[in-house]
Amino acid sequence: MRLIEVRQPRQHDLVARTFTIAGFASGFEGTVLWRLVETDGDVLGEGLVQGAGSMGVVDDFGHDVSLPPGTDARGTHVLLQVFGDDPSGENPPGPDLDQVRVTLFTGLSGFRLHEVVRGDTLTAIARDHGQDTTATDVFEANRDTVMDPDRIFPGQVLRVPLL
């Protein structure tokens, strides 16, 4: 039985330097922890989420996260971890771990949706629909559905980051 579930952001969502974590949980004294981890294990940010349920009672929570100044990422695939406190250190990072893979653009101001039409390229989409956006940005923002930046197909709906 899971005592922590992250519902926002969802798997493969785009997040900025500041974003909201929401879900439901039960944690020690109504508190669970979060951290954002790069694929090499470096921690980009971490903190507490207060207001979750406690003593086995599961309750909704919402928490705004701000990454530290100096954190700079553009299309970086990271892992958001939300977990309970484990003073024993036996269950790192902590019990009831829920993990969500997200794509971090620290300068993200939003994104547009673009439906691919015949003749589109990621370069043209970035130029025509983005804001300080490159083809690489569009590719990284859509890695869950685009496997090769040179192969996009009519009808695909792509997220175009606005930076």
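Our subject is the structure listed above.
Cut-offs and rules
- Residues numbered from 1 in each chain as written.
- Predicted model: local features only at pLDDT ≥ 70, side-chain atom pairs only at ≥ 80, totals over all residues.
- Heavy atoms only, no water.
- Helix = DSSP H or I, 4+ residues; strand = E, 2+ residues; numbered from the N terminus.
- Buried < 20%, exposed > 50% of the residue type's maximum accessible area, 1.4 Å probe, protein only.
- Pairing = 2+ DSSP bridges.

(A) Molecular detail of unusual backbone geometry. Cis geometry is found at the peptide bond from Gln 8 to Pro 9, where omega equals 0°. Mapped onto the elements, Pro 9 comes out in the loop between strand E1 (4-8) and strand E2 (14-15). For the bond from Pro 92 to Pro 93, the omega torsion is -5°, close enough to zero to count as cis. One can find Pro 93 in the loop between strand E7 (74-83) and strand E8 (98-105). For Met 55, which is not glycine, the phi dihedral falls at a positive 55°. Take Met 55: its relative accessible area is 82%, and that puts it in the exposed class. Its identity as a non-glycine residue notwithstanding, Asp 132 has a phi of 60°, on the positive side.

(B) Here's a closer look at the sheet that holds E2. The strand order across the open sheet formed by five strands is E2-E8-E7-E4-E5, and the pairing between neighbours is mixed. Unpaired on one side and paired on the other, E2 and strand E5 (43-50) mark the two borders of the sheet. Two elements, strand E4 (residues 31-38) and E7, share six bridges in a ladder whose sense is antiparallel. Following the sheet pairing, Trp 34 is matched in E7 by Val 82.

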